[in-house]
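Remarks on the overall topology
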Amino acid sequence: MILSIDFAFLYHLTFLFLFKFLGIMPMFFHNLASVTLFFVLATIVPKLKSYSTAYFLTFAEVLIHQLLAEFFMGGLTAFHFFIWLVGILPILTFKKRLKLAVTYGIITSILFIILESISPSIQPKVPDISSTMITVIRIVNISLSATLILVGLLIFAYIVWNMERNLQIRVHKKTLEIQNKNKKIYKMNNHIIFSLSSLVENRDTDTGDHIQRTSAYVELIARKAYEAGLYSETITPHFIELTKSAAPMHDIGKIVISDSILKKPGKLTPEEYELMKQHTIAGGKIISEVLEISDDKEYVKITHDIALYHHEHWDGTGYPENLSGESIPICARIMAIADVFDALVSKRCYKQPMPLDTAFQYIQDNAGKHFDPELTEVFIKNRQEVINILAIHNK
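Procedures and definitions
- The numbers attached to residues start from 1 for each chain and follow its sequence in the written order.
- Only residues with pLDDT of at least 70 are given local features in this predicted model, and only at 80 or more are side-chain atom pairs given and counted; all residues enter the totals for whole chains, interfaces and linings.
- Side-chain metrics rest on all non-hydrogen atoms present in the structure, leaving aside hydrogens and water.
- Only Phe, Tyr and Trp rings take part, Trp by its six-membered ring, and two of them pair if their centres are within 6.5 Å. Stacked means planes under 30 degrees apart, edge-to-face means over 60, and tilted covers everything else.
- Secondary structure follows DSSP: runs of H or I at least 4 residues long count as helices, runs of E at least 2 residues long count as strands, and numbering of each begins at the N terminus.
- Remark: exposure states derive from per-residue accessible area (1.4 Å probe, protein chains only) relative to the maximum for the residue type, with buried under 20%, exposed over 50%, and partly exposed in between.
- By definition, being over a ring means that NZ of Lys or CZ of Arg is both within 6 Å of the ring centre and within 35 degrees of the ring normal.
- The predictor attaches a confidence to each residue, and that confidence, scored 0 to 100, is pLDDT.
- To get an axis, a line is fitted to the C-alpha atoms, and for a helix only the part in contact is used. The angle between two axes follows their N-to-C directions and goes from 0 to 180 degrees.
- Roughly parallel means an angle under 35 degrees; roughly antiparallel, over 145; roughly perpendicular, 65 to 115; everything else is oblique.
- Should the near helix be turned anticlockwise from the far one by less than a right angle, the crossing is termed left-handed; should it be turned clockwise, right-handed.
- For this analysis, residues touch if any pair of their heavy atoms sits within 4.5 Å.
- Residues are grouped as follows: nonpolar covers Ala, Val, Leu, Ile, Met, Phe, Trp, Tyr, Cys and Pro; charged covers Asp, Glu, Lys and Arg; every other residue, Gly included, is treated as polar.
- We define a salt bridge as a contact between a side-chain nitrogen of Lys or Arg and a carboxyl oxygen of Asp or Glu at a distance within 4 Å.
- Each helix should span, by expectation, one fewer than its residue count multiplied by 1.5 Å.
- One fitted axis covers the seven residues ending at a residue, a second covers the seven starting there, and the bend at that residue is the angle between these axes.
- Here the nonpolar core consists of buried residues drawn from Ala, Val, Leu, Ile, Met, Phe, Trp, Tyr and Cys, with membership extended through side-chain atoms lying within 4.5 Å.
- Exposure above 30% relative accessible area and the lack of any salt bridge qualify a residue for a patch; like charges then connect within 9 Å, and the nonpolar side chains Val, Leu, Ile, Met, Phe, Trp and Tyr within 5 Å.
- Each accessible area is a Shrake-Rupley estimate made with a 1.4 Å probe; only the visible protein chains count as cover when residues are assessed.
- Pairs of N or O atoms are called polar contacts if they sit within 3.5 Å, as long as, within protein, a hydrogen donor faces a hydrogen acceptor (for residues adjacent in sequence, only side-chain-to-side-chain pairs).

**Let's talk about the packing of aromatic side chains**
One pass over the structure, following the stated rule, counts 5 aromatic pairs. A ring pair is formed by Phe341 and Phe360, whose centres lie 4.8 Å apart and whose planes are at 45°; its orientation type is tilted. Highlighted residues: Phe341 in helix H12 (residues 330-345) and Phe360 in helix H13 (residues 356-365), separated in sequence by 19 residues. Like Phe341, the residue Phe360 is buried in the burial classification. Where Phe360 meets Phe379, the ring centres are 5.7 Å apart and the plane angle is 35°; that geometry is what we call tilted. Of this pair, Phe360 sits in helix H13 while Phe379 is found in helix H14 (residues 373-381), placing the two residues 19 residues apart along the sequence. Between Arg333 and the ring centre of Tyr231, over which it is positioned, the NZ or CZ distance is 4.9 Å.

Below you can see the structure in the form of structure tokens.
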């Protein structure tokens, strides 16, 4: 708006001297009044909170000016008036005065059509002005109007560019904030996981590096399954990371099992075994409660499913819900292989470690019974890497 007023001031000041030279006094006095008006507006508008009055006065001046110009010298009324319409609408719109912009646009368009209709029938009332001079005036008028169009378009383009840049900056900052928040939550979750898992692990010194080894086995199985294209709708790089991070929590429910059962050197009685089986249900409940504040719902679900379902069997004979086949979450099926294998080859209070060949054979023999057959095949095919993991964590 301020730019438009400054332009209008210079425009009328230029024609003030031209009309004085040509002796067209009605136009001279009109331009003198216009110069005074726009000088005053240029002085007070920057201090105003609302431009409504300035819009109205400028609008009225443009209309009167063009009608007089048409009457006295055949000025390009409709064209100049249309320039004002195009120049002011974007400013009104960007100031979020949509209703005002629409109203202004309708009124201005109607006046533009009227002026366009009557201008051919109006002849200049100053016959002693040569056609050459009128042509010169029109050229000056068009040149100044074209300049206004160019400046207006540049300002409009700058406004759009600046708004887009600011939006991108805000989006980028928001994205960084979310990423930083997620990183903090992820670190907090991992800290909670290993702290709670260590509580369980420290209750039974025979378990040793069980949670580290099973996490490594889980990552290996998931990664190799991903590379083989198995369960591609679920197993993704992100899924692999989440499952690896969640694996240490698989036995968190054992925290509610008494030491007399957990550390019993002999075989459990049927009653004791039923109590031991409750660690899966307890684990799922603990996960839901501890990780309730996490925004990463996928991570919470995977962790919950691993704790609750890692003792389910492919043939439906497992616990706690007797799930079977693909109704068992993939993360729990992967965990089952890792957990059982490590239990077989590890020393426990109730048994000695099983030889590697026997343990691998057990896993293979139970494909399609206890374990997912496709994931079992992946595990067996990568036997050497499994042995390497075992060797690293047993040092």
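What follows picks up the thread again.
**Thoughts on the confidence of the model for the chain**
Taken over all residues, the pLDDT of the chain has a mean of 78, while the share at 70 or more is 65%. Within the chain, helix H4 (residues 77-94) has the poorest average pLDDT of any element, 51, and H14 the best, 97.

**Overview of the packing of helix H7 (residues 210-227) against helix H8 (residues 237-246)**
Two numbers describe a pair of packed helices, the interaxial angle and the distance between the axes. It is at 9 Å that the axes of H7 and H8 come closest, and there the two elements cross at 165°. Taken together, the axis directions place H7 and H8 in an arrangement best described as roughly antiparallel. Crossing of H7 over H8 shows right-handed handedness. In this structure, H7 contributes Ser215, Val218, Glu219, Ala222, Arg223 and Tyr226 to the contact, and H8 contributes Pro237, Ile240, Thr243 and Lys244. Grouping the constituent residues of the contact of H7 with H8 by class yields 5 nonpolar, 2 polar and 3 charged.

**Some points on unusual backbone geometry**
Among all residues except glycine, the phi angle is most often negative; among peptide bonds, the trans geometry is most common. Residue Tyr319 is joined to Pro320 through a cis peptide bond whose omega torsion reads 15°. As for its position among the elements, Pro320 is in the loop between helix H11 (297-309) and H12. At Tyr231, a residue that is not glycine, the phi angle is positive and equals roughly 45°. If you check the backbone angles, Asn322 has positive phi at about 55° while not being a glycine. On the secondary structure map, Asn322 appears in the loop between H11 and H12. Take Asn322: its relative accessible area is 49%, and that puts it in the partly exposed class.

**Quick look at the pattern of salt bridges**
Following the criterion strictly, the structure yields 12 salt bridges and no others. Two residues, Glu274 and Lys277, come together in a salt bridge whose shortest N-O distance is 3.1 Å. Residue Glu274 and its partner Lys277 are both found in helix H10 (residues 270-290); the two are separated by 3 residues, about one turn of the helix. Note that Lys381 and Glu377 form a salt bridge whose closest N and O atoms lie 3.3 Å from each other. Here Glu377 and Lys381 lie together in helix H14, a separation of 4 residues that amounts to about one turn.

**Digging into H10**
Taking 1.5 Å of rise per residue, 21 residues should cover 30 Å, and H10 covers 31 Å from first to last C-alpha, within 8% of that figure. Of all the bends found along H10, the most pronounced is centred on Ile281 and spans about 25°. Inspection of H10 places Glu272, Met276, Lys277, His279, Thr280, Ala282, Gly283, Gly284, Ile286 and Ile287 among the buried residues, and these make up the whole buried set. Looking at the buried positions of H10, the neighbouring elements they touch are helix H9 (259-262) and H11.

**Details of the nonpolar core**
Grouped together as the largest cluster of nonpolar side chains are 47 residues, with contacts concentrated most on Ile334, Phe341, Ile363 and Phe379. Elements supplying a minimum of two residues to this core: H7, H8, H10, H11, H12, H13, H14 and helix H15 (383-393). Counting residues per element, this core draws most heavily on H12, at 11 residues. Phe379 has contacts with Ile221, Ile337, Phe341, Phe360, Ile363 and Val386, leaving out every residue within four places of it along the chain. The next biggest cluster of nonpolar side chains, apart from the first, holds 8 residues, and it includes Phe15, Leu16, Ile24 and Met27.

**Considerations on H12**
An α-helical turn contains 3.6 residues, so any two residues separated by three or four positions project in the same direction. Between the first and last C-alpha of H12 there are 23 Å, a value that for 16 residues agrees with the 22 Å anticipated at 1.5 Å per step. In terms of burial, H12 is a largely internal element, 16 of the 16 residues being buried.

**Focus on a nonpolar patch on the surface**
Together, Phe39, Val40 and Ile44 make up an exposed nonpolar region whose accessible area comes to about 260 Å². Relative to the helices and strands, Phe39 is located in helix H2 (residues 25-44).

**Looking at the side chain of Asp251**
With respect to the helices and strands, the residue Asp251 is situated in the loop between H8 and H9. Here His250 takes part through its side chain, which lies 3.2 Å from a polar atom of the side chain of Asp251. Polar contacts involving the side chain of Asp251 include one to the side chain of His279, which spans 3.3 Å.

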